[in-house]
Amino acid sequence: MSTHSSAVPVRAMLVLGTRPEAIKLAPVARAMAAGPRFEPFVVTTGQHREMLHQMLSLLRVDARIALDVMRTRQQLSDLTARLVRELGDVMREQRPDLVVVQGDTTTALCGALAAFYEKIPVAHVEAGLRTGVLDNPFPEELNRCLISRIARWHFAPTPAAAGHLAAEGVPGEQVFVTGNTVVDNLLWVLAEGTAASAFRTDARRILVTLHRRENQGERMRGMGRALTRLAARGDVEIVLPLHKSPAVREVLLPELDGRPGISLIEPLDYLDFAATLAECDLVLTDSGGIQEEAPSLSKPALVLRTTTERPEAVEAGAARLIGTDPEAIVTWAQRLLDDPAEYRRMARAGNPFGDGTATTRILAQLAEDFAADVPVGLTASGPYSAA
Ligand code: UD1
Ligand code: UDP
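Sequence positions are assigned chain by chain, starting from 1 and proceeding in written order. Labels follow written order: the first chain is A, the first ligand is 1, and so on. Given that this is a predicted model, residues contribute local features only at a pLDDT of at least 70 and side-chain atom pairs are listed and counted only at 80 or more, while totals for whole chains, interfaces and linings are drawn from all residues. To obtain the side-chain values, all non-hydrogen atoms of the structure were used and water was disregarded.

A helix here means a DSSP run of H or I that spans at least four residues, while a strand means a run of E at least two residues long, and both kinds are numbered starting from the N terminus. Tracing the chain through its elements places Leu52 in helix α2 (residues 50-53). Considering only alpha carbons, one finds Leu52 and Thr18, 34 residues apart in sequence, at a separation of 5.5 Å. We call two residues contacting when some pair of their heavy atoms lies within 4.5 Å. In contact with Leu52, not counting residues within four places along its chain, are Leu16, Gly17, Thr18, Ala22, Thr44 and Gly46.

Shown next, in the form of structure tokens:
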């Protein structure tokens, strides 16, 4: 255990490697950089390259160390090995007081694991999400369970997420319900200024994203066919920003490129994506973050997955978990397009993921615990530790 003088800024290492981590840690980075209490620096792992790069301007932190671990189609085991080794090297060199990780990516798991090896306490942003199915989503469900074994601070977006941690025996004094920082960032970006929506016509506008590993291959091809059938209505414009993953592109490009009513476009930067989401009528997605953003902007979301770790939106009525069967996708999308009452019910369900103050709560808690007289250890003491 160590103590930390409140006169000295807390050196916080923010580890991020993929698009959603940059988006969800951006408000934390900005807020830390804006005040005297924290001295943040960002380590980008390069798990994503182009898609991370286009998010970096959101961070507003100059201090940055860039690793370069991305290899096309590398195995998870190679990525993990490289990340733990390289993040461990950075931690040994920099000796931060705190490592902050977000969510459930391989970058987040390796950031937490490397910090544990270096005996640096870990704050986990977006803690406690669970589907209860260890390999769905794969490998994220396992990643987040493992991070919860390591973290010292668990910032849960909702009471249900905090409940999962309690059920797993995480001490209650280490768990804080904060809301999700994705809402903070979305509100900040929309207030920041204008951006261009990707929709080009005034047909009914459907925004689609697909990328999950468990959906790749035949399932994704079926989803593509469902989109073709929807486009054949003739009164919709489907915009699909294509994930950079080759496993996604090799399925969706041959299936959908050049189809009338469907625009396959490159990933949008966040300002443009937020503008596009704000203009759409309906969202079809297997993304985690978009399930949180859509209800923030009153957009009904059909979740094209068999499980979700974000049941709050489904329970609130803002999203529907419809699975991956093409027939179900067409049926549900048609229903929302053609039944105004059903549409209104979903659009008005509200946002269960927070009110835009998650970052403030996170920083306040960390600042309090790093105050001079509070010991900051790797974990709280357990039931069998000596007094
Ligand atoms: C990763 C996360 C997933 C998250 C998603 C967000 C893991 C295991 N998965 O999935 O939780 O939802 O990011 O998008 O951490 N690629 C590029 N350029 C890029 C990004 C990716 O070329 O900018 C290619 C690379 O070949 C890479 C592949 O896409 O190997 C897949 O990327 P990877 O990070 O392994 O997994 P994702 O499916 O993106
Ligand atoms: N997003 C973006 N541009 C795009 C597609 C998505 O900025 O073209 C943002 C979106 O707003 C959300 C995040 O990327 O915040 C979601 O990322 P992704 O779906 O890749 O990952 P997940 O959230 O499923 O982990």
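Picking up where we left off.
The immediate surroundings of ligand 2 are formed by 16 residues, with Leu268, Ser287, Gly288, Gly289 and Glu293 found nearest. Here a polar contact is recorded for every N or O atom pair within 3.5 Å, except that within protein the pair must consist of a potential hydrogen donor and a potential acceptor, and residues adjacent in sequence are included only if both atoms are side-chain atoms. Here an oxygen atom of ligand 2 and a backbone polar atom of Gly289 are 2.7 Å apart. With residues, only the protein chains shown are counted as cover, and all accessible areas are computed by Shrake-Rupley using a 1.4 Å probe. Notes on ligand 2: free accessible area 540 Å², of which the protein chains cover 95%. Of all the secondary structure elements, the ones that give two or more residues to the shell around ligand 2 are α1 (19-34), α10 (270-279) and α11 (288-296). Broken down by element, the shell around ligand 2 gets its largest block of residues, four residues, from α11. Class assignment of the residues belonging to the shell around ligand 2 gives a composition of nine nonpolar, four polar and three charged. Definition of nearness: a residue and a molecule or strand are near each other if at least one heavy atom of the residue lies within 4 Å of the molecule or strand. Lys, Arg, Asp and Glu make up the charged group, whereas Ala, Val, Leu, Ile, Met, Phe, Trp, Tyr, Cys and Pro make up the nonpolar group; the residues left over, Gly among them, are polar.

Remark: helix α8 (residues 218-231) packs on helix α9 (residues 246-256), axes separated minimally by 9 Å, with the N-to-C direction vectors making an angle of 30°. Overall, the two elements α8 and α9 adopt an arrangement that is roughly parallel. Considering only the axes of α8 and α9, their crossing is right-handed. Here α8 contributes Met220, Arg221, Gly224, Arg225, Leu227 and Thr228 to the contact with α9, which in turn contributes Val248, Val251, Leu252, Glu255 and Leu256. Tallied by class, residues from the contact of α8 with α9 come to six nonpolar, two polar and three charged. The axes used here are C-alpha line fits, helices contributing only the stretch in contact, and every angle between their N-to-C directions lies in the interval 0 to 180 degrees. Roughly parallel here means an angle under 35 degrees, roughly antiparallel means over 145, roughly perpendicular means 65 to 115, and every remaining angle is called oblique. Each crossing is labelled by how the near helix is turned from the far one, with a counterclockwise turn of less than a right angle marking it left-handed and a clockwise turn marking it right-handed.

Glancing now at the sheet that holds strand β2 (residues 38-44). Backbone hydrogen bonds hold the strands of a sheet together, and the pairing may be parallel or antiparallel. Two strands are counted as paired when DSSP detects at least two bridges linking them. Pairing in this open sheet of seven strands is parallel, and the strands run β3-β2-β1-β4-β5-β6-β7 from one edge to the other. Among the strands making up the open sheet, the edge pair consists of β3 (64-66) and β7 (175-177). Each strand axis lies, on average, 20° off the axis of its neighbour in the sheet, ignoring direction. Of the pairings in the sheet, the one linking strand β4 (residues 98-102) to strand β5 (residues 122-125) comprises four bridges and is parallel in character. Counterpart to Val99 in the pairing with β5 is Val122.

A general tendency of soluble globular proteins is for nonpolar side chains to be buried together. With 53 residues, the main nonpolar core has Met32, Leu98 and Leu366 as its most contacted residues. Residues within four places of Met32 in sequence aside, it is in contact with Ala12, Leu14, Phe38, Pro40, Leu98, Val100, Leu363 and Leu366. Joining through side-chain atoms within 4.5 Å is the link that ties buried Ala, Val, Leu, Ile, Met, Phe, Trp, Tyr and Cys residues into a set, and such a set is a nonpolar core. Each residue's exposure class comes from its accessible area (1.4 Å probe, protein chains only) as a fraction of the maximum for that residue type: buried when under 20%, exposed when over 50%, partly exposed otherwise.

Quick look at helix α15 (residues 358-369) now. Multiplying 1.5 Å by the residue count of a helix minus one yields the expected span of that helix. Relative to the 16 Å expected for 12 residues at 1.5 Å per residue, α15 spans 17 Å between its end C-alpha atoms, a close match to the ideal helical length. Looking only at α15, the buried set comprises Ala358, Thr359, Ile362, Leu363, Gln365, Leu366 and Asp369. Axial view of α15: buried residues confined to an arc of 160°, hence all on one face. Pointing more than 90 degrees away from the buried face of α15 are the exposed residues Thr360 and Glu368. What the arc measures is the spread of directions leading from the helix axis to the C-beta atoms.

Purely spatial values, then, with no claim about function.
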